[in-house]
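# Summary of structural features
The residues making up each chain are set out below.
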Amino acid sequence: MKKREIGILLLLCLVLTGCAGAPAEPATEPPVTEVIATEPPPTEPITVYEGAIEDYLGEITDFSWEQEYPPEYVMIHFCSAVVNHFDDPYNYDYVRQTFTDAEVSIHYLVDRDGQIFCFIPEDRSAWHAGYGTWLDDEKYTNKMNKYSIGIELMGMGTYEEMSGYLHKWQYKKIPQEDLGFTDAQYEALADLVADICRRHEIPLDRDHIIGHDEFSPKKRDPGELFDWSRIIPGLE
Ligand SMILES: [Zn+2]
């Protein structure tokens, strides 16, 4: 998949966010010395995938905050709009609305075609992990938002996993192809996870790429239908 530098995207993003109702920038350019003084030190180019779109949920400060610690984990979720839009559960606008309605957020959303949307930049913490525990370590108790990059896959799990949201007769009406995850999603997710791990020096293994259901006892995603071996090398 074609890659491009995030620097360009970030620059674009800054321009775009600056356009969103913000007062116009002064027309005169700042002195060159000032530009040099504020320029960040050169870093290794960061790549994102062509499908990644800067699509921040409302104001970036909504449902996210400036990251306090470097991310140590990647957390995988699934989501859909099936509760309010049973006949169109993977409609992008409906799915996106579920985040703002619930006042939560996520760094990335991968749709059924494998297109990746960025809702919250990686230098901010998203509200996706909620309450839970990890490794019996107090550091992570109810605080995994601070230590993880969150990725939502548009998808639905088994009836048991969905029973908190749907009656059985409803679940039975869901087309088979809408359950679980698509090949395109696995391919995009594998690329995205590998890229995140490389940039943040997170080991690409099952100790560091974890499910929401492994952290939070009340959560069932990504669930039994998710095939970890398709995103983590070396798993059976
Ligand atoms: Zn989740």
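These notes cover the structure that comes with them. In this text, all values refer to a predicted model and were calculated from it rather than measured experimentally.

### Remarks on the coordination of the zinc ion
Around the zinc ion, the protein contributes the donor atoms His77 (ND1), His212 (ND1) and Asp221 (OD), which lie 2.1 Å from the metal centre. Spacing between the donor residues of the zinc ion along the chain follows H-x134-H-x8-D. The two residues His212 and Asp221 agree in class, both being buried.

### A closer look at the pattern of salt bridges
One pass over the structure, following the stated rule, counts eight salt bridges. Note that Glu72 is salt-bridged to Lys139, the shortest N-O span being 3.0 Å. With a gap of 67 residues between them, Glu72 in the loop between β4 (64-66) and β5 (73-79) and Lys139 in the loop between β8 (124-126) and β9 (148-154) connect regions that are remote in the sequence. By relative accessible area, which is 25% here, Glu72 ends up partly exposed. Note that Arg206 and Glu214 form a salt bridge whose closest N and O atoms lie 2.7 Å from each other. Three or more residues are tied together by salt bridges with common partners; here these are Glu122, Asp195, Arg198 and Arg199.

### Quick look at the packing of aromatic side chains
We describe a pair of aromatic rings using the distance from one ring centre to the other and the angle between the two ring planes. Using the criterion set out here, one finds 15 aromatic pairs in the structure. Centroid distance Tyr69 to Tyr147: 4.8 Å. Interplanar angle 5°. Geometry classified as stacked. Residue Tyr69 is located in the loop between β4 and β5, and its partner Tyr147 is located in the loop between β8 and β9; the two are separated by 78 residues in the primary sequence. In this structure Tyr69 comes out as partly exposed when scored by relative accessible area, which is 32%. The buried category is assigned to Tyr147, whose relative accessible area is 6%. The interplanar angle of 70° and the centroid separation of 6.2 Å between the aromatic rings of Phe181 and Tyr186 together place this pair among those described as edge-to-face. Through a chain of ring-to-ring contacts, three or more aromatic side chains come together here, namely Tyr69, Tyr73, Trp134, Tyr140 and Tyr147.

### Some words on the sheet that holds β5
With respect to topology, six strands assemble into an open sheet ordered β3-β7-β6-β9-β5-β10, the strand pairing being mixed. A single partner strand is all that each edge strand has here, and the edge strands are β3 (53-54) and β10 (209-211). The sheet contact formed by strand β6 (residues 108-110) and strand β7 (residues 116-118) spans three bridges and is antiparallel. Following the sheet pairing, Leu109 is matched in β7 by Phe117. Lying over the sheet, helix α6 (residues 183-200) contacts β5, β6, β7, β9 and β10, oriented at roughly 175° with respect to β9.

Quick notes on the rules
Residues numbered from 1 in each chain as written. Predicted model: local features only at pLDDT ≥ 70, side-chain atom pairs only at ≥ 80, totals over all residues. Heavy atoms only, no water. Donors = N, O, S within 2.8 Å, 3.2 Å for Na, K, Ca; no water. Buried < 20%, exposed > 50% of the residue type's maximum accessible area, 1.4 Å probe, protein only. Salt bridge = Lys/Arg side-chain N within 4 Å of Asp/Glu carboxyl O. Helix = DSSP H or I, 4+ residues; strand = E, 2+ residues; numbered from the N terminus. Phe/Tyr/Trp six-rings, centres within 6.5 Å; stacked < 30°, edge-to-face > 60°. Pairing = 2+ DSSP bridges. Contact = heavy atoms within 4.5 Å. Axes fitted to C-alpha atoms, helices over the stretch in contact; angles between N-to-C directions.

Purely geometric numbers; function is a separate question.
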